[in-house]
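One-letter residues, chain by chain:
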2 protein chains.
Amino acid sequence: MSDEQLGPTETSDTCTDWPVELRGVTESVVATLGPNDLWNFAALGLHASDPDASADDTDSVTATTWGNTRTRRNFHRQGGGVVQFVTDPRDFVAAAMTITESESPVFDSADAWVEVEVSMVDSGEDGGTRWETWELTPVEAGITQTRPYTINRGFGAVIDATVAASRLDVPAFDTDELLSRLVYFAETVEKCGGPKEREAFARIDELTGWRERASERRNESF
Amino acid sequence: MSDEQLGPTETSDTCTDWPVELRGVTESVVATLGPNDLWNFAALGLHASDPDASADDTDSVTATTWGNTRTRRNFHRQGGGVVQFVTDPRDFVAAAMTITESESPVFDSADAWVEVEVSMVDSGEDGGTRWETWELTPVEAGITQTRPYTINRGFGAVIDATVAASRLDVPAFDTDELLSRLVYFAETVEKCGGPKEREAFARIDELTGWRERASERRNESF
């Protein structure tokens, strides 16, 4: 971390800032150490504090765990984890949709990582699912690679598709709408994605069988 | 450009490589010099050559202009332009959806730029619209800023929304489907975007009035 990336009030060695700019919700991958001594990977949306928040609060970053996940259990057990910013859509899909464990807490494709301490700041229940909101405080951070920012709609479609696919069996969401959205994401990946996006997207279908379900729905509507 | 970014066969000073990695379709902004001596900005999708293409062909990058646009006319007149990779979603929306002109060919928010020579390699007609496909050859390139790659679904939703919004009055596309997609993008920007994404998205509505049209459609269906 260069000094430039430290905020004005953070001059101590023990204070670390986030290795990337955060705004709105930044989709990350978090690795948490499990009771089997392996790091478990999961998707985690990082909420930057409200831009209209008071000055004292501008550095606060939160994330919410939904249900009794490994991430939630490991946050309680370990009080932290390693947040990272991956560039390979296959890594994102693996973290978001499968049980992925490793002896190392950082994916090779991560451009940056940050060890965080977490503390639960809020919790509740929504449709029978317990959610817990955590405040994340950076402890140590590293940047592995930087690049000019580029836009690939196929990459974006893979990310959005993991969200839609993971809601397919949640009663609160309209299955038809999710499936029609997935058809659109499939077209976008086909047209705009590179080889890694296509592979990541195919994996989502392997894991959920959404294509067959979409095709069944289409037949029903005739 | 560092030497590392040049391909193995490119040792001459007059040979420049792309300043970013390209795969599938990368959404860029192109500035072309108009007859009024101002640079005109437009969105341009850069198609990387097929990964399965022969080795000779791996560096070929193409883009297609649709209809009699300023970009197409300026490509014919000038034989090139300046391609750039912007980080501010408001710049992307301005380029994609409005007539934006400037004395400078590069947006402040561009992480990288590349001057290209273009030559038309294909053309045709689709639903009464003439399209022309151009091969782009880098002449000079620069990197202004690099950063770890991060994922913001709100940013992606703005980009996809420009595509949907620009098709609203194209007969080949289903207006209801485009409007329902725009409602989804609006929710995503609201939930995940930062201030710049919200502003860019509001601009799309100002320019197209899609929200009112979506709301009218919804009322009709009751």
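Anyway, here's the lowdown on the structure attached to this text. What you are looking at is a predicted structure, and each value in this text was computed from that prediction instead of being measured.

Thresholds applied
- Residues numbered from 1 in each chain as written.
- Chains lettered and ligands numbered in written order.
- Predicted model: local features only at pLDDT ≥ 70, side-chain atom pairs only at ≥ 80, totals over all residues.
- Heavy atoms only, no water.
- Helix = DSSP H or I, 4+ residues; strand = E, 2+ residues; numbered from the N terminus.
- Contact = heavy atoms within 4.5 Å.
- Axes fitted to C-alpha atoms, helices over the stretch in contact; angles between N-to-C directions.
- Parallel < 35°, antiparallel > 145°, perpendicular 65-115°, else oblique.
- Nonpolar A, V, L, I, M, F, W, Y, C, P; charged D, E, K, R; others polar.
- Least-squares fit on C-alpha atoms with pLDDT ≥ 70 in both.
- Core = buried A, V, L, I, M, F, W, Y, C linked by side-chain atoms within 4.5 Å.
- Buried < 20%, exposed > 50% of the residue type's maximum accessible area, 1.4 Å probe, protein only.

### Observations regarding the side chain of Arg-147 of chain A
Step number 1: Its location among the elements puts Arg-147 of chain A in the loop between strand S7 (129-143) and helix H3 (153-166).
Step number 2: Filtering out sequence-adjacent residues up to four positions away, Arg-147 of chain A remains in contact with Thr-87 and Asp-111 of chain A together with Glu-21, Asp-111, Gln-145, Thr-146, Arg-147 and Tyr-149 of chain B.

### A look at the packing of helix H5 (residues 195-208) of chain A against helix H6 (residues 210-220) of chain A
Residue and element names in this part refer to chain A.
Step number 1: At a closest axis distance of 6 Å, the pairing of H5 and H6 adopts a crossing angle of 70°. By the angle between their directions, the pair H5 and H6 is classed as roughly perpendicular. Contact residues: Phe-201, Ile-204, Asp-205 and Thr-208 in H5; Trp-210, Arg-211 and Arg-213 in H6.
Step number 2: Partitioning the contact of H5 with H6 into residue classes produces three nonpolar, one polar and three charged.

### So, the relation of the copies chain B and chain A
Step number 1: Structural alignment of chain B on chain A gives an RMSD of 0.0 Å, achieved by rotating through 180° and translating 0.0 Å along the axis. When the rotation and shift are considered jointly, the pair of chain copies conforms to a two-fold rotation axis.
Step number 2: Residue by residue, 100% of the interface of chain B is reproduced at the interface of chain A, so both copies engage with the same surface.

### What to know about the nonpolar core
Step number 1: Judged by nonpolar contacts, the single largest core of 38 residues is most densely connected at Phe-185, Phe-201 and Trp-210 of chain A together with Phe-185, Phe-201 and Trp-210 of chain B.
Step number 2: Of all elements in the fold, only H3, helix H4 (175-192), H5 and H6 of chain A together with helix H3 (153-166), helix H4 (175-192), helix H5 (195-208) and helix H6 (210-220) of chain B reach the threshold of two or more residues within this core.
Step number 3: Apart from the residues within four sequence positions on either side, Trp-210 of chain A is in contact with Leu-168, Leu-179, Leu-182, Val-183, Ala-186, Phe-201, Ile-204 and Asp-205 of chain A.
Step number 4: Grouped together as the second largest cluster of nonpolar side chains are 30 residues, Val-86 and Phe-92 of chain A together with Phe-41 and Ala-110 of chain B included.

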